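Survey of secondary and tertiary structure
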Number of protein chains: 2
Amino acid sequence: MTINAYDESMPESRTVPARFPVTVDVVALTVADDAMNVLLITRLLEPFRGRLALPGGFVLPGEDLITAAARELAEETGVEHVPGHLEQLGSYGPKGRDPRGDVLTVAHLLLAPNFPVLSAGSDAKHAAWYPVHQVLDGGLRLAFDHERILADAVERAKSKLEYSPLGAVFCDKEFTVAQLRAVYEAVWGTRLDPRNFHRKATGTSGFLEDTGRVTTGDAGRPAALFRLAPAARPAPGQPTRAVLNPPLMRPPP
Amino acid sequence: MTINAYDESMPESRTVPARFPVTVDVVALTVADDAMNVLLITRLLEPFRGRLALPGGFVLPGEDLITAAARELAEETGVEHVPGHLEQLGSYGPKGRDPRGDVLTVAHLLLAPNFPVLSAGSDAKHAAWYPVHQVLDGGLRLAFDHERILADAVERAKSKLEYSPLGAVFCDKEFTVAQLRAVYEAVWGTRLDPRNFHRKATGTSGFLEDTGRVTTGDAGRPAALFRLAPAARPAPGQPTRAVLNPPLMRPPP
DNA sequence: GCATTTATCGTCACCTTGACAATAACTCGA
DNA sequence: TCGAGTTATTGTCAAGGTGACGATAAATGC
């Protein structure tokens, strides 16, 4: 295929279409220590040498966006399988993002339980978890427009918790209602009434599935262990339905 | 800037990054004749010559995505100013979308009142409104992966109505509650109780603003004219907050 | 044991919602 | 001019959801 093929056949353009480097970035969010954390790498080269940045890299020819995002995540963190829910967040650029020129990036959002990342030295990258608030408060500065992308990702994560059962993907396969509540409290930065949360979480049909087992060893009464119900489990790449909340203006059933 | 600049400075890649043609597509939706309509053009050249397609075109160097979408919309429909709410929908590709090779497209969603489009012959394109259901039912086939993009856009539009005040952008600047209700009924494909809808729409603070004026000349009792309240008015390019609905699991105020 | 901690169940007042009656205010045709 | 028809708007009421919070259950740790 030659570039001129576009010139001759595209009614939208009489000129050779511009081509852009396209990258994918992954905003991997997890909940640890009662706070939302994001996975960042340290840049070793210019531009933004020494600055923290989102993991990501160039899309290869013949590759899909989600595939590229999963590949870059694997390459830079060492995780073979996507450890949670991966979805497209949005695209940024191509203008004014990279001092070297126009680069379009397609940001992705990964919601996952805390997973181990490549320790410094095992690769050229230093990947580690950082509290999100340190970045949003301005204490940590990121490369490129990654602060804005992170801010958008956090907003998306917050509303995902309102409108979808995806809060559970921050938890392990089996979890207690209190652990799930801790996720909501960390992401939203608020406290929730344990009794009302319990009523809502267990009372929402199609959300939680009781495993019949309970926790042991912790202080206090043992808690029932739940898992995400099949209906609420996110299909890979698919949009997540809002199982949780009856919105205001709503189409009748 | 040379291509080799990436080779030397990007830790993510030791090779020359691939470059892709990047297009923007616009899914312009409107409500007319109690149905959702989409703006389509007829392709005059291969591939997909004679097939209907979403308006769109290549992103230019130094151009932002939203800017490109607005420009392509203007070029192919003749509208100078964006006639409604334009936001990014999502990106598709670059693999397997175009028989000529990898092309990444960033789809955009325009929600707007019915606006006049370029009549056939005034340009190389024939732009016209088509009922969305004709496409989704398979009666009309679109070029590339535009049917999938349209389906995603319709889904997005439906949930926008649930979670945001954007239903009003389908109406004129001043509108009646019944006109607004007709939008909801058309987008959702259902009937809504006029009395309950009226209560909800007028009772939601920060949504509608009474102009003090009423309709005249129509059959039946004159209806009060409203406009979208300033708080609910969409900021250009900004994400729309959910003013309308109290979701299930919700952060306390 | 007993205090402490955490989980879970209940209660109650208030609000929202859906179904639907009733009234208001216009147009239109006889 | 006078209904008849049509559309808009205000109410009413029962059912269900929600927030605040009391009470109980069942473990741990001393």
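Treat the numbers as computed from the prediction; the structure is a model and nothing was measured.

Lining the immediate surroundings of DNA strand D are 22 residues, of which Arg195(A), Arg199(A), Lys200(A), Gly220(B) and Ala224(B) lie closest. Across the atoms of DNA strand D situated within 4 Å of the protein, the share located in sugar and phosphate is 55%. Taking Arg221(A), its side chain carries an N or O atom lying 3.4 Å from a sugar or linking oxygen of DNA strand D. At 3.4 Å, a side-chain N or O of His198(B) approaches a phosphate oxygen of DNA strand D. Mapped by element, the contributors of at least two residues to the surface near DNA strand D are helix H6 (194–203) of chain A together with helix H5 (177–188) and helix H6 (194–203) of chain B. The element best represented in the surface near DNA strand D is H6(A), accounting for 4 residues. Split into classes, the residues belonging to the surface near DNA strand D amount to 8 nonpolar, 4 polar and 10 charged.

What follows is about the pattern of salt bridges. One pass over the structure, following the stated rule, counts 27 salt bridges over all chains. The residue Arg71(B) makes a salt bridge to Glu63(B) at a minimum N-O spacing of 2.5 Å. The same class applies to Arg71(B) as to Glu63(B), namely buried. If you follow the salt bridges from partner to partner, you end up with Glu63(A), Arg71(A), Glu72(A) and Glu75(A) in one network.

Another point: the domain arrangement of chain A. Residues and elements named next belong to chain A. Looking at chain A, the domain boundaries give domain 1 (17–160) and domain 2 (164–232). Here the C-alpha centroids of domain 1 and domain 2 sit 28 Å apart. If you look at the interface, domain 1 gives 13 residues, while domain 2 gives 10 residues. Among the residues of domain 1 in contact with domain 2, Val-31, Lys-158 and Lys-160 are the three that bury the most area, contributing 43% of the side total. At the boundary of domain 1 with domain 2, the tally comes to 0 salt bridges. Looking at the side of domain 1 that touches domain 2, the elements with two or more residues in it are strand S1 (19–32), strand S2 (35–42) and helix H4 (146–163). Across the side of domain 1 that touches domain 2, the residue classes tally to 8 nonpolar, 2 polar and 3 charged.

Surrounding DNA strand C, one finds 21 residues, the nearest of these being Arg195(A), Ala224(A), Arg195(B), Arg199(B) and Lys200(B). The protein-proximal atoms of DNA strand C, defined as those within 4 Å of the protein, are 54% sugar or phosphate. Between DNA strand C and His198(A), the relevant distance is 3.3 Å, taken from a phosphate oxygen to a side-chain nitrogen or oxygen of the residue. In the environment of DNA strand C, a base nitrogen lies 2.7 Å from a nitrogen or oxygen atom belonging to the side chain of Arg195(B). When residues of the surface near DNA strand C are traced back to their parent elements, those giving at least two are helix H5 (177–188) and H6 of chain A together with H6 of chain B. Ranked by residues supplied to the surface near DNA strand C, first place goes to H6(B) with 4 residues.

A few words now on the environment of Val79(B). Residues and elements named next belong to chain B. With respect to the helices and strands, the residue Val-79 is situated in the loop between helix H2 (65–77) and strand S5 (85–92). Distance in space between the C-alpha atoms of Val-79 and Phe-115 is 8.4 Å, their sequence separation being 36 residues. Discounting residues that sit within four places of it in the chain, Val-79 has contacts with Leu-73, Ala-74, Phe-115 and Pro-116.

A separate point is unusual backbone geometry. All names here are of chain A. Cis geometry marks the peptide bond from Gly-93 to Pro-94, where omega comes out at 0°. Position of Pro-94 relative to the elements: it lies in the loop between strand S5 (85–92) and strand S6 (104–111). A positive phi angle is found at Asp-33, which is not glycine, with a value near 55°. Take Asp-33: it is sitting in the loop between S1 and S2.

This brings us to helix H2 (residues 65–77) of chain A. Residues and elements named next belong to chain A. Taking 1.5 Å per residue as the helical rise, H2 with its 13 residues ought to reach 18 Å, and the 18 Å between its terminal C-alpha atoms agrees with that figure. Residues of H2 that are buried include every one of Leu-65, Ala-68, Ala-69, Arg-71, Glu-72, Leu-73, Glu-76 and Thr-77, and no others. One or two residues past the end of H2 sits Gly-78, with phi positive at roughly 85°.

Analysis parameters
- Residues numbered from 1 in each chain as written.
- Chains lettered and ligands numbered in written order.
- Predicted model: local features only at pLDDT ≥ 70, side-chain atom pairs only at ≥ 80, totals over all residues.
- Heavy atoms only, no water.
- Near = heavy atom within 4 Å.
- Polar contact = N/O pair within 3.5 Å; in protein donor to acceptor, adjacent residues only side chain to side chain.
- Helix = DSSP H or I, 4+ residues; strand = E, 2+ residues; numbered from the N terminus.
- Nonpolar A, V, L, I, M, F, W, Y, C, P; charged D, E, K, R; others polar.
- Salt bridge = Lys/Arg side-chain N within 4 Å of Asp/Glu carboxyl O.
- Buried < 20%, exposed > 50% of the residue type's maximum accessible area, 1.4 Å probe, protein only.
- Domains from an automatic or database assignment.
- Contact = heavy atoms within 4.5 Å.
- Buried area = accessible area lost by both parts, 1.4 Å probe.
- Expected span 1.5 Å × (residues − 1).

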